[in-house]
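Structural characterization, general
What follows is each chain in one-letter form.
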Amino acid sequence: MALTTDDVARLAALARIDLSASELERMAPELDIILEAVASVSEVADADVPPMSHALPLTNVFRPDVVRPGLTQEQALAAAPAAEEGRFRVPRILGEEG
Amino acid sequence: MAADILTATAEELGRRIAARELTALKVTEAFLAQIERVDADVHAFLHVDAEGARAQAAAVDARLDAGEELGPLAGVPVAVKDLFCQAGVPTTAASKILEGWRPPYSSTVVQRLLDAGLVVLGKTNLDEFAMGSSTETSAYSTTRNPWDLDRIPGGSGGGSAAALAAFEAPLAIGTDTGGSIRQPGAVTGTVGVKPTYGGASRYGVIAMASSLDQPGPCARTVLDAALLHEVIAGHDPLDSTSIDAPVPPVVDAARSGDITGLRIGVVKELGGEGYEPGVELRFREAVAALEAAGAEVVEVSCPHFTYALGAYYLIMPSEVSSNMARYDAMRYGLRSGDDGTRSTEEVMNHTRAEGLGAEVKRRIIIGTYALSSGYYDAYYGSAQKVRTLIARDFDAAFDQVDVLVSPATPTTAFLVGEKLDDPLAMYKSDLCTIPSNMAGNAAGSFPCGTAPEDGMPVGLQVMAPPQADDRVYRVGAALERALAAPDAGVLTDRIASRWVEA
């Protein structure tokens, strides 16, 4: 299988985490060992076995469509890293080339 | 006397508070003083809410003095894993990314504790976002095992288990995704139960792997755990996976402990290679004690349990990678690197790199890989099929027996640092507990003595069908009685003199 540091860098970018070169170096062989160990699942996963995503037989749950109290604007913004004029303030969305 | 309060069961404290022999405030002060005295050594707590606890205790006393009838645990203190939101109280999940965050609302579990008159002492340490088996991945501190401070208290709920074993709280709350209530219970000689999936609400519990996460009770005695179970369990409209059915009669079962004629299956696959001799010895003795107490014991095979660890370490990280996406540095939690030059996406990448620890990053990356196109079928898809096979193993086993038993962990508590650099070795701590998360059935760990090699506690796991949580307690209570010497109480009483000043 051999996961390379480039593979891990690509996955980290998908997961929105900057990993340093030393983190990539350390993580690639670690992940390789883990993935090799878990790959045994394919030995018994025959085509006729249905997949199970959840322990409960889930059905959709509905509630009456009525107004109920929620957070105030002040509460919702209380933990914001930055807020302005009653809204979340975020860094620019578009890149330089945008 | 304070020592009597610290070593009493929660049931006894509740009774004496209700009879007004003790005030909730006096009991709360005794535990706050104990935390003050010993937590510099144990590091069970991330946050002690002394002021809030005193106010809650005084309010309970006022209600009881006014003649109000409250539940059996009114006035009894409880420690809560720092994964549960409590309005206005710091909630960190032991991560830097949530440092200083005070939730604007409370989880259903915490709300039910407060409504029942329990007094929340504070928030206990855990592995970061509950990802770990030793509490060592916490970004804040390393909790120690009260039986031997050089050893880990298990994880992820090591703080809750250690708080019980060091007599810093009579009750605690945990969450169990792959064994995070049961494994810490086993290695600290305390009781920990994972209810049936959906038995206690996940609303307001910081999510790790949503199809597996389950809140549950931790205590030093089986009856105490059952009483706490009854407080926190039951349908919650705020959790769409909450079971809309009566809570199984766990307290009656814990009081009875009658296992005459109960059919107990010993899982063949959960033993042998990789299991310490001392663990196997105490487990065999405990099974013999259950047989002597009237149970019928047979061996049962669950052939796919061998694949549970692999399937778990694909399904769990996949759900983790999705759940952790919410820590985006925009609405709450840490934001770092916002110096005006970085875009939103760059700030996000920078913040997650700074705010998340190595194990959390590892799991997010594994999950991202397992869900990525080209690998999905081989990894996540196969793991979901194995989940089906594990559930079928349980179904077949429960056709033959009423409950299954196994050791709760393959080893006793290992040394701090011993497995931190070997993720796979760490993951194997949960070998016995994972199958019940995969299938969603009820399971608990109960003390069954200490291993001769190192004197550390061993736990016996009881697994029961979904919604048969009462059977878990029935067997636990039978074991507790069978193993107690005539003049000795539960296992943690053996270290009471070490932690409680006479």
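Residues numbered from 1 in each chain as written. Chains lettered and ligands numbered in written order. Predicted model: local features only at pLDDT ≥ 70, side-chain atom pairs only at ≥ 80, totals over all residues. Heavy atoms only, no water.

1. Concerning the overall build of chain A
Helices and strands together make up the secondary structure of chain A, namely four helices and two strands. Helices and strands in chain A line up, N terminus first, as α-α-α-α-β-β. Radius of gyration (C-alpha) of chain A: 23 Å, far over the 13 Å computed for a compact globule of 98 residues. Taking the principal axes of its C-alpha atoms as reference, chain A extends roughly 55 × 45 × 25 Å. Counting all 98 residues of chain A, 28% fall into the buried class. When the accessible surface of chain A is totalled, it reaches about 6,800 Å², and 54% of it is carbon and sulfur. Counting 8 positive and 17 negative side-chain charges, chain A places the centres of these two groups 13 Å from one another. (Helix = DSSP H or I, 4+ residues; strand = E, 2+ residues; numbered from the N terminus. Rg over C-alpha atoms; globule rule 2.2 N^0.38 Å. Buried < 20%, exposed > 50% of the residue type's maximum accessible area, 1.4 Å probe, protein only. Areas by Shrake-Rupley, 256 points an atom, 1.4 Å probe, with all protein chains shown as cover. Lys, Arg positive; Asp, Glu negative; His and termini not counted. Charge placed at Lys NZ, Arg CZ, Asp CG, Glu CD.)

2. Points about the nonpolar core
Residue and element names in this part refer to chain B. The biggest cluster of nonpolar side chains holds 184 residues, and the ones touching the most others in it are L113, F129 and L404. Looking at which element gives the most residues to this core, the answer is helix α14 (residues 377–400), with ten residues. If we ignore the near neighbours within four places in the chain, the residues touching L113 are V78, V80, L118, I173, L228, V231 and I232. (Core = buried A, V, L, I, M, F, W, Y, C linked by side-chain atoms within 4.5 Å. Contact = heavy atoms within 4.5 Å.)

3. Let's talk about the environment of E501 of chain B
Residue and element names in this part refer to chain B. On the secondary structure map, E501 appears in the segment after α18 (496–499). Residue classification places E501 among the exposed positions, given a relative accessible area of 54%. E501 sits 498 residues away from A3 along the chain, and the two C-alpha atoms are 6.4 Å apart. Once residues lying within four places of it in the same chain are set aside, the contact partners of E501 are A3 and R37.

4. Points about the sheet that holds strand β11 (residues 457–464) of chain B
All names here are of chain B. Taken in spatial order, the eleven strands make up an open sheet running β1-β3-β2-β4-β6-β5-β10-β11-β9-β7-β8, and their pairing is mixed. Single-partner strands in this sheet number two, and they are β1 (45–48) and β8 (296–300). Neighbour-to-neighbour, the strand axes of this sheet turn through a mean angle of 25°, independent of strand direction. Bridging between strand β7 (residues 263–267) and strand β9 (residues 403–407) involves three bridges; their strand directions are parallel. Of the residues in β9, the one forming a bridge with G265 is L404. Along the sheet, helix α6 (residues 158–165) contacts β1, β2 (77–81), β3 (119–124), β4 (171–175) and β6 (215–219); its crossing angle with β4, the most-contacted strand, is approximately 160°. Sitting on the sheet, helix α8 (residues 222–232) touches β4, β5 (191–194), β6 and β10 (442–450), and the angle it makes with β6 is about 150°. (Pairing = 2+ DSSP bridges. Axes fitted to C-alpha atoms, helices over the stretch in contact; angles between N-to-C directions.)

5. Examining unusual backbone geometry
Residues and elements named next belong to chain B. The peptide bond linking G155 to S156 adopts the cis configuration, its omega dihedral lying at 10°. With respect to the helices and strands, S156 occurs in the loop between β3 and α6. Phi is positive for A130, which is not a glycine, with a value near 65°. Looking at the element boundaries, A130 is found in the loop between β3 and α6. The class for A130 is buried, based on a relative accessible area of 3%. Although it is not a glycine, A329 sits at a positive phi angle of roughly 65°.

6. Comments concerning the side chain of S382 of chain B
With respect to the helices and strands, the residue S382 of chain B is situated in helix α14. The residues contacting S382 of chain B, other than those within four sequence positions of it, are V41, S42 and A45 of chain A together with D377 of chain B.

7. What about the packing of helix α2 (residues 21–38) of chain A against helix α13 (residues 358–371) of chain B?
Where α2 of chain A contacts α13 of chain B, the two axes come as close as 11 Å, and the packing angle between them is 60°. Judged on the interaxial angle alone, α13 of chain B and α2 of chain A are oblique. By crossing handedness, the relation of α2 of chain A to α13 of chain B is classed as right-handed. Seen from α2 of chain A, the contacting residues are E23, R26, M27, E30, L31, I34 and L35 of chain A; seen from α13 of chain B, they are A358, K361, R362, I365, I366 and Y369 of chain B. Split into classes, the residues belonging to the contact of α2 of chain A with α13 of chain B amount to eight nonpolar, no polar and five charged. (Parallel < 35°, antiparallel > 145°, perpendicular 65-115°, else oblique. Left-handed = near helix turned anticlockwise from the far one by under 90°. Nonpolar A, V, L, I, M, F, W, Y, C, P; charged D, E, K, R; others polar.)

8. What about the packing of helix α1 (residues 5–14) of chain A against α2 of chain A?
All names here are of chain A. At a minimum axis distance of 9 Å, the contact between α1 and α2 shows a crossing angle of 100°. The angle between α1 and α2 places the two elements in the roughly perpendicular class. When α1 is examined against α2, the residues T5, V8 and A9 are found in contact with a partner set consisting of L24, E25, M27, A28 and L31. For the contact of α1 with α2, the residue count by class is six nonpolar, one polar and one charged.

9. Things to note about helix α12 (residues 344–355) of chain B
Residues and elements named next belong to chain B. Spanning twelve residues, α12 covers 16 Å between terminal C-alpha atoms, matching the ideal 16 Å at 1.5 Å per step. Counting buried residues along α12, nine of its twelve residues qualify, which places the element largely inside the surrounding structure. Within α12, the full set of buried residues consists of T344, V347, M348, N349, H350, T351, R352, A353 and G355. (Expected span 1.5 Å × (residues − 1).)

10. Examining the interface of chain A and chain B
Listed as interface residues are 53 residues of chain A and, on the opposing side, 59 residues of chain B. Across the contact surface, chain A and chain B share three salt bridges. With a closest N to O distance of 2.9 Å, E23 of chain A and K361 of chain B form a salt bridge. Along the contact surface separating chain A from chain B lie 17 residue pairs in polar contact (both at pLDDT 80 or more). For the side of chain A that touches chain B, the secondary-structure elements that each account for two or more residues are α1, α2 and α3 (41–44) of chain A. For the side of chain A that touches chain B, the leading source of residues is α2 of chain A, giving ten residues. (Salt bridge = Lys/Arg side-chain N within 4 Å of Asp/Glu carboxyl O. Polar contact = N/O pair within 3.5 Å; in protein donor to acceptor, adjacent residues only side chain to side chain.)

11. What to know about the pattern of salt bridges
Summed over all chains, the structure comprises 26 salt bridges over all chains. Taking the shortest distance from any N to any O, the salt bridge between E30 of chain A and R26 of chain A comes out at 4.0 Å. Of this pair, E30 of chain A and R26 of chain A both sit in helix α2, four residues apart, which is roughly one turn of the helix. Notably, a salt bridge pairs E29 of chain B with R54 of chain B, separated by 2.7 Å at the nearest N-O pair. In this pair, E29 of chain B sits in helix α3 (residues 24–42) while R54 of chain B sits in helix α4 (residues 50–65), placing the two residues 25 residues apart along the sequence. Several salt bridges share partner residues, and in doing so they unite R26 and E30 of chain A together with E359, R362 and R363 of chain B into one network.

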